[in-house]
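Spelled out from the first residue to the last, the chains are:
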Amino acid sequence: MVRTPLTPEERERGERLGRLLREARGDRSMADVAAGAGISAETLRKIETGRAPTPAFFTVAALARALGLSLDELLGRCAPVSV
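Being a predicted model, the structure only gives us computed values, none of them experimental.

Parameters and conventions
Residues numbered from 1 in each chain as written. Predicted model: local features only at pLDDT ≥ 70, side-chain atom pairs only at ≥ 80, totals over all residues. Heavy atoms only, no water. Helix = DSSP H or I, 4+ residues; strand = E, 2+ residues; numbered from the N terminus. Buried < 20%, exposed > 50% of the residue type's maximum accessible area, 1.4 Å probe, protein only. Polar contact = N/O pair within 3.5 Å; in protein donor to acceptor, adjacent residues only side chain to side chain. Contact = heavy atoms within 4.5 Å. pLDDT = per-residue confidence, 0-100. Arc of directions from axis to C-beta. Axes fitted to C-alpha atoms, helices over the stretch in contact; angles between N-to-C directions. Left-handed = near helix turned anticlockwise from the far one by under 90°. Phe/Tyr/Trp six-rings, centres within 6.5 Å; stacked < 30°, edge-to-face > 60°. Core = buried A, V, L, I, M, F, W, Y, C linked by side-chain atoms within 4.5 Å.

Next up on the list: the side chain of R25. Examined against the element boundaries, R25 turns out to sit in helix α1 (residues 8-25). The buried category is assigned to R25, whose relative accessible area is 14%. A distance of 2.9 Å separates a polar atom in the side chain of R25 from the backbone oxygen of R28. Discounting chain neighbours no more than four positions away, the residues touching R25 are M30, V33, L44, E48 and L67.

Moving on, we come to the confidence of the model for the chain. For the chain, the average pLDDT comes to 91, and 95% of its residues sit at 70 or higher. Per-element confidence in the chain is highest for helix α2 (residues 30-37), whose mean pLDDT is 97, and lowest for helix α5 (residues 71-78), whose mean pLDDT is 87.

A separate point is helix α3 (residues 41-49). Burial in α3 covers these residues: L44, I47 and E48. All buried residues of α3 lie within an arc of 95 degrees about the axis, which places them on one face of the element. Packing partners of the buried residues in α3 comprise α1, α2 and α4 (57-67). Immediately downstream of α3, the backbone of G50 shows phi near 85 degrees, a positive value.

What follows covers the packing of α2 against α4. In the contact formed by α2 and α4, the axes pass within 8 Å of each other and the chain directions differ by 115 degrees. The element α2 and its partner α4 pack so that their crossing is right-handed. Between α2 and α4, the contacting residues are V33, G36 and A37 on the first element and A62, L63, R65, A66 and L67 on the second.

Here the structure, examined in full by the defined rule, presents one aromatic pair. A centroid spacing of 5.2 Å and a plane angle of 80 degrees characterise the contact between F57 and F58, whose relative ring orientation is edge-to-face. Judged by its relative accessible area of 53%, F57 falls in the exposed class. With relative accessibility at 69%, the residue F58 sits in the exposed group.

Moving on to the nonpolar core. Core analysis: the largest hydrophobic core is formed by 18 residues, its most contacted members being L17, L21, I39, L44, L63 and L74. When residues of this core are traced back to their parent elements, those giving at least two are α1, α2, α3, α4 and α5. Among residues more than four places away in sequence, those in contact with L74 are L17, L20, L21, V60, A64 and L69.

In this structure, V33 sits in helix α2. In this structure V33 comes out as buried when scored by relative accessible area, which is 3%. Once residues lying within four places of it in the same chain are set aside, the contact partners of V33 are R25, R28, L44, L63, A66 and L67.

Here is the structure:
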């Protein structure tokens, strides 16, 4: 299966998600948060660095739960900025 290239907007949204997750993680280790979400630390690392800009919904939901964030908050902070 060939994956279509991401648009600049999709890459930017992934970068915003990564920044938000890093901020929410704070001083907690990547391994602890990843374990709490039931994902690998490498998957979390890819999401936080923007190398996985379109993670699966259930991965994002699990991370939100592990970090004490609501999905509404994630959406609000990761949605494109309107001008």
